[in-house]
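A closer look at the structure
Each chain, written out:
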Amino acid sequence: MMPSYIDQPEGVFPSVCSLDCPDTCGLLVHKKEGKIVKIEGDPTHPITQGAICNKVRNMPARLYDVNRLAYPMRRIGAKGEGRFERISWDEAVKTIVQQWTRLIHEHGSESILPYSFAGNMGRLNMVAMGNRFFERLGASRLDRTICNAAGNTGYRYTMGATYGTDPEDTIHSKLHIYWGCDAFNTNMHQIMFSEKARKNGAQIVVIDVQQNRTGQWADWFIPIVPGTDAALALGLMHILFKEGFIDEHFMHEYTLGFQELAEQVKEYDPETVSAITKVPVADIYRLARLYGETSPSFIRIGNGPQHHDNGGMFVRTVSCLPSLTGQWMVKGGGALRENGDFAMLQFPSIPYNRQQKPTRLINMNQIGEALTEFSPPIHSLFVYGTNPLVVTPDLNKVKKGFAREDLFTVVHDLFLTETAKYADIVLPATSSYENLDIYTSYWHHYVHLQRPVMEPYGESKSNVDVFRLLARGMGYQDKELYETEEDVLRNVLSQSDNPYLKGISLDKLKEKSFMKLDRNNGPMFPNKLPTPSGKIELLSEKMASIGLPALPVYASIKEGEKYPLLFIPGPNRGFLNSTFSNNEKHMSMEKGPFLHIHPKDAGERCIKQGEMVRVFNDRGECEFEALVTERVIQGTVVTHGLWSDQPGTKRLVNSLTSSRLADMGGGATFFSTKVEVRIC
């Protein structure tokens, strides 16, 4: 067995951040008298370099929060009321098994649905063991599309996989374009690399709907109408082709469809694009020429624009830009949407189900519809690693579904979240600091091993432990359901056919805690990409075959014109989605919530600074304090953070958002929302 750090009450121990954040920081955990008293960045880590965010710096307050769940509970009040009584683990497992056995007999195994996401990014606890268990159970499958599905699908149509620039190489870039990426809040270490590049003469451009901290830090901030980013990218291409900034050798050698693209972008002249985006014609020319003349140039493609109806096509379009000027062949050039496919780990399924027909697939963005409209119905949910009654769109419909008395719901979490209050059984979860797991990044190229640092809090158990208990309760004999964490990790690393993982083993990770992928072991980028043609596909026949445009295009959002203001519920610095939004320490660090509104929009509605305002549409309403500022463009209002549902407040922003799906990948359309604002 691998030794843990639990039995060492004093000292400093290597660790890794488990949050759903691209930075996946290396950490040092300080223990005194058996408790974690301090967490800091590991100064030897090539990415973290000793710097971490305040969320993690204050993590000990969350780990030992008096409100943390310490034992299993059974609901004794109405759903949503939050009244529970303590029970044992044996009783909890027995109740779940009895309910599921009955439901399988009466309605079939597809009446049960796991609902999970990335509250803990450990690959064992996030996906591996849960997938095995629910596959064996024969449950309905969850299409986990709430975050990055549209953007990654669009990027893969162009590049074949989420392969992008190595962030460490971006210190060589002479132009950094942050496109819809509030990196100060969501990717702080990319800011550090850009600052190093800036000291060597690099220029920094930010394109966004609000001049947030990232926009204020830039050398040049370009405001844009939400959802029109693809039009701007096409306008840049128009100028690049027209003014001869194209690397013709690269285009001939490494791309497919550049001649068709050149013809396509003729209709996106700067005047037309300016009318769509509200970016001045002169600025479109200036940006295109700056991009065409500067090498290496680097584009950090953010999550924001892909949360529109046209989000997949935006990422598909902007990912074509580095090809036009040959930036993929220059160290520090190219683009970075995500790098997750480099470190892809494949956890084998269990033999029992390999010959059976896959069960139904349910998009997690439409859980409201799934619980209120689907036939045959869902009769049971097992929720872990997420808080759907805060993070999912069209929350009022979701809440209606969770309130069903005939829905047997189990929630496994660290706290009695908004979702847990609707559960029939609540199970206490361990934090990542209590588990053995492996972590990969979807931004940088390091793989980390996490060893347990603290004893499980109270009676809490990891996802892996819970799935073992449930498998035993259901009487399953498959050995894959009972493998130890160490055995699973050893097998998946030693048997992986991912060439980038070559040389990384569990034994080596025990010695070093983290190791870097070797990009030289895979296909020589960009010569052989996992696209149908093996090239960068500016024209995609695969897209055409499923009814999507083969070439990049611009299409407007689909929300309609009933409400006049575009609503953008962006991230904040103190929370990560709903994580930390219920912890006093973290709430106290984060000001707000505010509704950022342009002075002209505020004036038309007689709204003054600091007044409480009502934000509403046909789906729901929220109340915020007005922050009148010219840093948000006219016609758009912005909030920051997914605030918890505190008594007497109305601040669940996803009460306003739609469960309508994006153009690609079944992604969410959080930002294609329209609202009206009035004084309370």
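Residues numbered from 1 in each chain as written. Predicted model: local features only at pLDDT ≥ 70, side-chain atom pairs only at ≥ 80, totals over all residues. Heavy atoms only, no water.

**Here we look at the packing of helix α9 (residues 229-242) against helix α12 (residues 270-277)**
Remark: α9 packs on α12, axes separated minimally by 9 Å, with the N-to-C direction vectors making an angle of 165°. Taken as axis vectors, α9 and α12 run roughly antiparallel relative to one another. By crossing handedness, the relation of α9 to α12 is classed as left-handed. Only Pro270, Val273, Ile276 and Thr277 of α12 make contact with α9, whose side of the interface consists of Ala231, Leu232, Gly235, His238 and Ile239. Of the residues contributing to the contact of α9 with α12, the split by class is six nonpolar, three polar and no charged. (Axes fitted to C-alpha atoms, helices over the stretch in contact; angles between N-to-C directions. Helix = DSSP H or I, 4+ residues; strand = E, 2+ residues; numbered from the N terminus. Parallel < 35°, antiparallel > 145°, perpendicular 65-115°, else oblique. Left-handed = near helix turned anticlockwise from the far one by under 90°. Contact = heavy atoms within 4.5 Å. Nonpolar A, V, L, I, M, F, W, Y, C, P; charged D, E, K, R; others polar.)

**As for helix α18 (residues 395-402)**
By the burial criterion, the buried members of α18 are Leu395, Val398, Gly401 and Phe402. Along the long axis of α18, the arc covered by the buried residues comes to 115°, so they all point the same way. (Buried < 20%, exposed > 50% of the residue type's maximum accessible area, 1.4 Å probe, protein only. Arc of directions from axis to C-beta.)

**As for the packing of aromatic side chains**
The full count for this structure, using the stated rule, is 23 aromatic pairs. With a centroid separation of 5.7 Å and 75° between ring planes, the pair formed by tyrosine 163 and tyrosine 500 is classed as edge-to-face. Note that tyrosine 163 is positioned in the loop between α5 (149-159) and β8 (175-179) and tyrosine 500 in the loop between α20 (485-494) and α21 (506-512), a separation of 337 residues in sequence. A residue is classified by how much of its surface remains accessible, and tyrosine 163, at 12% relative accessible area, is buried. Here lysine 35 stacks its cationic end above the ring of tyrosine 64, 4.3 Å away from the centre of that ring. A cation over a ring is seen here: arginine 86 above tyrosine 71, with NZ or CZ 4.1 Å from the ring centre. (Phe/Tyr/Trp six-rings, centres within 6.5 Å; stacked < 30°, edge-to-face > 60°. Lys NZ or Arg CZ within 6 Å of the ring centre and 35° of its normal.)

**Remarks on helix α3 (residues 89-107)**
Because each turn of an α-helix spans 3.6 residues, side chains separated by three or four positions end up pointing in the same direction. Taking 1.5 Å per residue, 19 residues should reach 27 Å; α3 reaches 26 Å between its end C-alpha atoms and fits that length. For α3, the full list of buried residues reads Trp89, Ala92, Val93, Thr95, Ile96, Val97, Trp100 and Leu103. Lining the buried residues of α3 we find β6 (112-116), α4 (123-137), β15 (380-384), β16 (408-413), β17 (425-428) and α19 (463-474). Glycine 108, located one to two residues past α3, shows a positive phi value of around 90°. (Expected span 1.5 Å × (residues − 1).)

**Concerning the sheet that holds strand β25 (residues 621-628)**
Pairing is mixed around the closed barrel formed by six strands, whose spatial order is β22-β26-β23-β25-β24-β27. Sheet twist, expressed as the average angle between the axes of neighbouring strands with direction ignored, equals 45°. As judged from the four bridges shared by strand β24 (residues 612-616) and strand β27 (residues 673-679), these two strands associate in the antiparallel manner. From the neighbouring strand, valine 613 faces β27, where its bridge partner is isoleucine 679. (Pairing = 2+ DSSP bridges.)

**Observations concerning empty space enclosed by the protein**
Counted under the stated rule, the structure contains one cavity of 30 Å³ or more. A volume near 60 Å³ is recorded for the largest cavity. Elements with a minimum of two residues in the lining of the largest cavity: β1 (11-16), β2 (26-32) and β19 (446-450). Sort the elements by how many residues they give to the lining of the largest cavity and β1 lands first, with three residues. Tallied by class, the residues present in the lining of the largest cavity amount to five nonpolar, four polar and one charged. (1 Å grid on protein atoms, 1.4 Å probe; cavity = no way out; pocket = protein on both sides within 12 Å on 5 of 7 lines; lining within 4 Å. Points joined across faces, edges and corners; volume = space filled by probe spheres on them.)

**Quick word on the pattern of salt bridges**
Summed over all chains, the structure comprises 41 salt bridges. With a shortest N-O distance of 2.8 Å, glutamate 243 and arginine 289 are connected by a salt bridge. In this pair, glutamate 243 sits in the loop between α9 and α10 (248-254) while arginine 289 sits in helix α13 (residues 281-293), placing the two residues 46 residues apart along the sequence. Judged by relative accessible area, which is 34%, glutamate 243 ranks as partly exposed. Members of the salt-bridge network, linked through shared partners, are Arg75, Lys79, Glu405 and Asp424. (Salt bridge = Lys/Arg side-chain N within 4 Å of Asp/Glu carboxyl O.)

**Quick notes on the side chain of threonine 673**
Relative to the elements of secondary structure, threonine 673 occurs in strand β27. By relative accessible area, threonine 673 is classed as buried at 0%. At 2.9 Å, the side chain of threonine 673 forms a polar contact with the backbone oxygen of phenylalanine 670. Sequence-distant contacts of threonine 673, defined by excluding residues within four places in its chain, comprise Glu559, Leu565, Leu566, Phe567, Asn617, Arg619, Leu656, Thr657 and Ser658. (Polar contact = N/O pair within 3.5 Å; in protein donor to acceptor, adjacent residues only side chain to side chain.)

**Side note on the side chain of histidine 307**
Here histidine 307 lies in the loop between β12 (297-301) and α14 (311-318). Classification of histidine 307 as buried rests on a relative accessible area of 9%. For histidine 307, the side chain forms a polar contact with the main-chain oxygen of cysteine 147, separated by 3.5 Å. If we skip the residues at most four places from it in the chain, histidine 307 touches Ile146, Cys147, Ala668, Thr669, Phe670, Phe671 and Ser672.

**Digging into the packing of α9 against α14**
The geometry of α9 relative to α14 is characterised by a closest axis approach of 8 Å and an angle of 20° between their N-to-C directions. With respect to each other, α9 and α14 are oriented roughly parallel. Viewed along their axes, α9 and α14 form a crossing whose handedness is left-handed. Listed contacts from α14 to Asp229, Ala230, Ala233, Leu234 and Met237 of α9 are Phe314, Thr317 and Val318. Taken together, the residues that form the contact of α9 with α14 break down as six nonpolar, one polar and one charged.

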